Amino acid sequence: MGKYSNKNKKRKDNRNGGNRHNSNRHNSNKNDSRDNRNGPPRVKEMRSDRMVAYYTYQNVFGHGTKVSKEEDRKSFLEASCRPLNASFRITKLATPEFKEQFTARMQEILGSDGQITITYDTPSGKAVRKLKPPQPIPFIENGWMLDVDRSTIRKNKGLKSFFEFLMVASDSGLITRQETVSMVPPVALSIEPHHLVLDTCAAPGSKTCQILENVSLGSGWVMANDVNVSRAHMLVHQCKRINSPSLVVVTHAGQEMPMPKTFRNDGEGNEGWADRVLCDVPCTGDGTMRKNAGIFRKWSVNQQNNIHKIQLDIALRGVRQCKVGGLVVYSTCSMSPMENEAVVAQIIRETGYAVEVEECRELSEKGFSCRGGMTTWKVMDDRDATRRHFGEVIEDKPRFKKGGWDHQERQVKAGDDDGGESRPAKKAKVEGQEGDKEDPCGETKAAEEAKREPKNGKMSEDGTYIIPVYDDSPEKWSSESMIADCNKEGLWEFKTHSDVPSHLTASIPKGLFPPTPAEASRMGLEKCMRIMPQDMDTGGFFVTESSGGGGQKDSKQHNPNQEIIPLSPALTSSLVDFYGLSGAPLSCFFARTHTAKGIMYLHPSVLSHLASDDRGQYKLVHSGVQVFEKNSKNLSLVPYRIHQDGVRYAAPYMNKRKIQLSNRDYCTLVRAGIERKENQLRTCMLEEATRKELQGVRSRMEGEMRWDPRDVLEEEWFGRDRTKDKEGKGKGEEEEKEEKGKEEDEEDTKA
Ligand SMILES: C[S@@+](CC[C@H](N)C(=O)[O-])C[C@H]1O[C@@H](n2cnc3c(N)ncnc32)[C@H](O)[C@@H]1O
């Protein structure tokens, strides 16, 4: 009881704005968490005074909405502290029947209003809430939003069957669990089936999948890139659910994406190759605070300033790859103008206004609610970050004097980072400036660390979190007061670029500053789309659609790393003979290694694009869909067998080794497979009834093919009679049984 009272007291303090700078705050949260094992649930405050002071002074609250800035800030704080509701899309590739059945089943499980209740923690113990039915997302085709967050779906017993149902549908590739705002950029790209699309920062790949669904049914294709090789493999894994030959995955720094010769800017042409380019760039991610509660604590202005340059370079390279007249979408999950409007403004400047911000009608016509972009903002520096890094500053006067840096004030005294010795600070090593410059994981360190914080998904909206309250009196909204609040949090403004001390000009370049009124009137930044958490009950997000392309010189080259190996004529003709392939696009079949373990199929126009890469610049991570697989087992009957991933690209051309299974027989095979897997059995150990059914299927298959698949295949490929072989070696009964079991295993796998 005592512990609980303390927490209540703390809550009260916080509500009154007390204890803001308590350095033990995070430790006490840890204790809360420990106490929670036996006592009442933990109460945690979601608060970043620095972040609120910064966005208040940036005029983010009240911008682009009819609501007053006070109300807007309140609803922002209220929404930010609530766990993010889960959402998903039924993919474009799903049949209308599936969509119908899926929706009906989902509604059956979740029921109408109030059928399912969930239990959650409040400061006074457990409480129960009725779940509202899932709602369609009006601006996303087949998009659905649930009335519960992901973590609760996973953990709540009442939602177990729904969770399992979702997982099965998701594993089958027919639905994609994806955050609502993350579905927006692919829609803004207005992709048509014939489009060639470049996704510059693609991992883990939810947007790539969405794009791929749109081009997979046409002649278009997607090049998905990510600088981080292991994340690029995650992307391959994610996209495997779609199994499309229209995807190629490469790994490059987005700002150095190679440009094949045909499209190179050699002074004559200025054309790019992509119809659509998505630059969903790495960012500080403060819009994801509803998923990553730690964002509140780790939030930093310097991270935003530092990441601006890389975002700009990736976007400029994306623009260069885009055909003139194509569309480039730039997006982040950050709310900061430094990572958003400032990048867009600089793209426009650097391309000599060749790029124009477009209005995205497709979204606005479908009830999509967002705010326009900002046309002006404040450039600030987190002075506390410098102090935190070096230890206490001896002379605690304003250090950034107009026109320069006061060297006297760079003396620091003993601090954690300095080994206890007083010495001059290391040059320009300010938090986030070096180490955080390019984070291979796609997020700044703060965003990464924030993920390790407790998720707010565990909490409910009804009081478990304390929503921070700020003084809303008119004088608190005056410029002076807002600046004072920022300064108190260590944030200092640079009015112009000439105020920036020389050691900070790398992280605070001229391009970070807002446009002049004349520039702003030409830039159209108000057509950018700012999504605040309170607008549509989502995360925070920023999207800009712009037209135009070209405008940048081609630069660096990469080492050749080709992985596309044409098949030998002998291998091709044996495949053609064996499977009776007729009319198949054989030139699109290739291997990735010289041992040709897998035979892949890639869309012809992707192949021709890669062929135009005369210098072998593309570093390929993945290309095409596997159609055949080398059969390496001892008892192999078929040197190359059909691979499940690419069966639909080979089957239409096969005139041999193909039979039509009845639905009943198909179900028998699947059921036997499940039974075998669940009980970890071999086929010969299955229930008698199942074995009999399987025998029936086998004889019907053999009847349809008019030969025993095993004997004929073995004779064809190995020129020997299997029965004689067995007799000749005089195998024992046990050995034969074992072998038969293995063969049956293989047969089942093939089926
Ligand atoms: C915001 S995430 C992209 C999310 C992705 N578009 C999706 O929908 O799943 C940013 C990605 O950019 C990658 N990245 C970071 N720096 C990069 C760079 N210089 N060039 C290309 N990709 C980069 C990161 O590895 C990360 O996967």
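Criteria and cut-off values
- Residues numbered from 1 in each chain as written.
- Predicted model: local features only at pLDDT ≥ 70, side-chain atom pairs only at ≥ 80, totals over all residues.
- Heavy atoms only, no water.
- UniProt positions renumbered as here; feature names shortened; annotations may be inferred.
- Buried < 20%, exposed > 50% of the residue type's maximum accessible area, 1.4 Å probe, protein only.
- Helix = DSSP H or I, 4+ residues; strand = E, 2+ residues; numbered from the N terminus.
- Pairing = 2+ DSSP bridges.
- Contact = heavy atoms within 4.5 Å.
- Near = heavy atom within 4 Å.
- Polar contact = N/O pair within 3.5 Å; in protein donor to acceptor, adjacent residues only side chain to side chain.
- Areas by Shrake-Rupley, 256 points an atom, 1.4 Å probe, with all protein chains shown as cover.
- Nonpolar A, V, L, I, M, F, W, Y, C, P; charged D, E, K, R; others polar.
- Axes fitted to C-alpha atoms, helices over the stretch in contact; angles between N-to-C directions.
- Expected span 1.5 Å × (residues − 1).
- Arc of directions from axis to C-beta.
- pLDDT = per-residue confidence, 0-100.
- Parallel < 35°, antiparallel > 145°, perpendicular 65-115°, else oblique.
- Left-handed = near helix turned anticlockwise from the far one by under 90°.

Where an unreviewed UniProt entry is consulted, the protein chain appears under the name SAM-dependent MTase RsmB/NOP-type domain-containing protein, with the organism given as Triparma retinervis. We quote the UniProt Subcellular location (unreviewed entry) comment for the protein chain here in full: "Nucleus". According to UniProt, the comment filed for the protein chain under the heading Sequence similarities (unreviewed entry) is "Belongs to the class I-like SAM-binding methyltransferase superfamily. RsmB/NOP family."

What is the right way to read the pairing of strand 11 (residues 274-280) from this model?
On a regular strand, each side chain points to the face opposite its neighbour's, so the side chains alternate between the two faces of the sheet. Extensive coverage of strand 11 is indicated by the burial of seven of its seven residues. Examined bridge by bridge, strand 8 (residues 196-199) and strand 11 share three bridges and lie parallel to one another. Looking at strand 11, one finds that Val197 is bridged to Arg276. Summarising the sheet, strand 11 and strand 12 (residues 322-332) pair through six bridges and their orientation is parallel. When the bridges of strand 12 are listed, Val277 appears paired with Val328.

I would appreciate a short explanation of the UniProt feature "binding site: S-adenosyl-L-methionine" (unreviewed entry) in the protein chain in the present structure.
Using the residue numbers shown here, the UniProt feature "binding site: S-adenosyl-L-methionine" (unreviewed entry) corresponds to Cys201, Ala202, Ala203, Pro204, Gly205, Ser206, Lys207, Asp226 and Asp280. Annotated residues spanning 80 residues; largest pairwise C-alpha distance 13.1 Å, indicating a single compact cluster. One can find Cys201 in the loop between strand 8 and helix 9 (206-215). The exposure class assigned to Cys201 is buried, which follows from its relative accessible area of 12%. With sequence-adjacent residues up to four places away left out, Cys201 is seen in contact with Asn225, Asp226, Leu278, Asp280, Val281, Pro282 and Ile314. Structurally, Ala203 is set in the loop between strand 8 and helix 9. Under the relative-accessibility criterion, Ala203 is labelled buried at 11%.

I keep staring at unusual backbone geometry and nothing clicks. Help me out?
Generally, phi is negative for residues other than glycine and the peptide bonds are trans, each holding for most cases. The omega torsion of the bond from Ala203 to Pro204 falls at 5 degrees, within 30 degrees of zero and hence cis. Relative to the helices and strands, Pro204 is located in the loop between strand 8 and helix 9. In this structure, Asn142 is a non-glycine residue whose phi angle is positive, near 55 degrees. Among the structural elements, Asn142 can be located in the loop between strand 5 (135-136) and strand 6 (143-149). Among the residues examined, Asn142 registers a relative accessible area of 25% and is labelled partly exposed.

Explain the site of the ligand to me, please; I cannot follow it from the model alone.
Neighbouring the ligand are 25 residues; Lys207, Asp226, Arg231, Gly254 and Asp280 lie closest to it. Contact between the ligand and Gln255: a nitrogen atom at 2.9 Å from a side-chain N or O atom of the residue. Compared with its free state, where it exposes 600 Å², the ligand has 95% of that area covered by protein. Across the shell around the ligand, the residue classes tally to eleven nonpolar, nine polar and five charged.

Can you help me understand the sheet that holds strand 29 (residues 640-642) in this one?
Backbone hydrogen bonds hold the strands of a sheet together, and the pairing may be parallel or antiparallel. Overall, antiparallel pairing links the five strands, which are arranged 24-25-26-28-29 in an open sheet. Among the strands making up the open sheet, the edge pair consists of strand 24 (565-566) and strand 29. Pairing geometry for strand 26 (residues 598-601) and strand 28 (residues 625-630), over four bridges, is antiparallel. Bridge pairing links Met600 to Gln626 in strand 28. Strands in contact with helix 20 (residues 569-579) are strand 26, strand 28 and strand 29; relative to strand 29, the strand with the most contacts, it is inclined by about 55 degrees.

Could you clarify how one ought to interpret helix 7 (residues 160-171) in this entry?
Structurally, the α-helix is built with 3.6 residues per turn, so residues lying three or four positions apart point the same way. Its twelve residues give helix 7 an end-to-end C-alpha distance of 16 Å, which sits within 8% of 16 Å, the value for a rise of 1.5 Å per residue. If you check which residues of helix 7 are buried, you get Phe162, Phe165, Leu166, Ala169 and Ser170. End-on view of helix 7: buried residues confined to an arc of 130 degrees, all on one side of the axis. Away from the buried face of helix 7 by more than 90 degrees, exposed residues Lys160, Val168 and Asp171 are located. Looking one or two places after helix 7, you find Gly173, whose phi comes out positive at around 85 degrees.

Where do I start with the confidence of the model for the protein chain in this structure?
Detail in the predicted coordinates should be disregarded across regions flagged by low pLDDT. Model confidence for the protein chain is summarised by a mean pLDDT of 76, while 71% of its residues fall at 70 or above. Low pLDDT (under 50) marks residues 1-42, which in the prediction has 48 contacts with non-local residues, meaning those over four places away or in another chain. Every residue in residues 551-560 scores below 50 in pLDDT, and together they form 29 contacts with partners more than four places removed in sequence or on other chains.

Explanation requested: helix 13 (residues 341-350) in the structure shown.
Of all ten residues in helix 13, eight are buried, a share of seventy percent or more. The inward-facing, buried residues of helix 13 abut helix 12 (301-321), strand 12, strand 13 (356-358), helix 18 (517-523), strand 22 (529-531) and strand 23 (541-547). Downstream of helix 13 by a residue or two, Gly352 has a phi angle that is positive, lying close to 60 degrees.

I keep staring at the sheet that holds strand 6 and nothing clicks. Help me out?
With antiparallel pairing, the four strands of this open sheet are ordered in space as 5-6-2-7. Both outer strands of the open sheet, strand 5 and strand 7 (175-177), are each paired with one neighbouring strand and no more. Pairing of strand 5 with strand 6, which is carried by two bridges, proceeds in the antiparallel orientation. Residue pairing across strands places Gln135 opposite Met145, the latter belonging to strand 6.

Explain the packing of helix 9 against helix 10 (residues 229-239) to me, please; I cannot follow it from the model alone.
Each packed pair of helices is defined by two parameters, the angle between the axes and the distance between the axes. Axis separation between helix 9 and helix 10 bottoms out at 9 Å; the angle between their running directions is 40 degrees. It follows that helix 9 is oblique to helix 10 by the angle criterion. Of the two possible hands of crossing, helix 9 and helix 10 adopt the one that is right-handed. Mapping the contact onto sequence places Ser206, Thr208, Cys209 and Leu212 in helix 9 and Leu235, Gln238 and Cys239 in helix 10. Here the residues of the contact of helix 9 with helix 10 sort into four nonpolar, three polar and no charged.

Just checking my understanding: could you explain the packing of helix 12 against helix 13 for this structure?
Their axes nearest at 10 Å, the elements helix 12 and helix 13 cross at an angle of 45 degrees. Classified by the angle between their axes, helix 12 and helix 13 sit oblique to one another. For helix 12 against helix 13, the interelement crossing comes out right-handed. Every residue of helix 13 that contacts helix 12 at His308, Gln311, Leu312, Ala315, Leu316 and Val319 is listed here: Ala342, Val343, Gln346, Ile347 and Glu350. Among the residues forming the contact of helix 12 with helix 13, the class breakdown is seven nonpolar, three polar and one charged.

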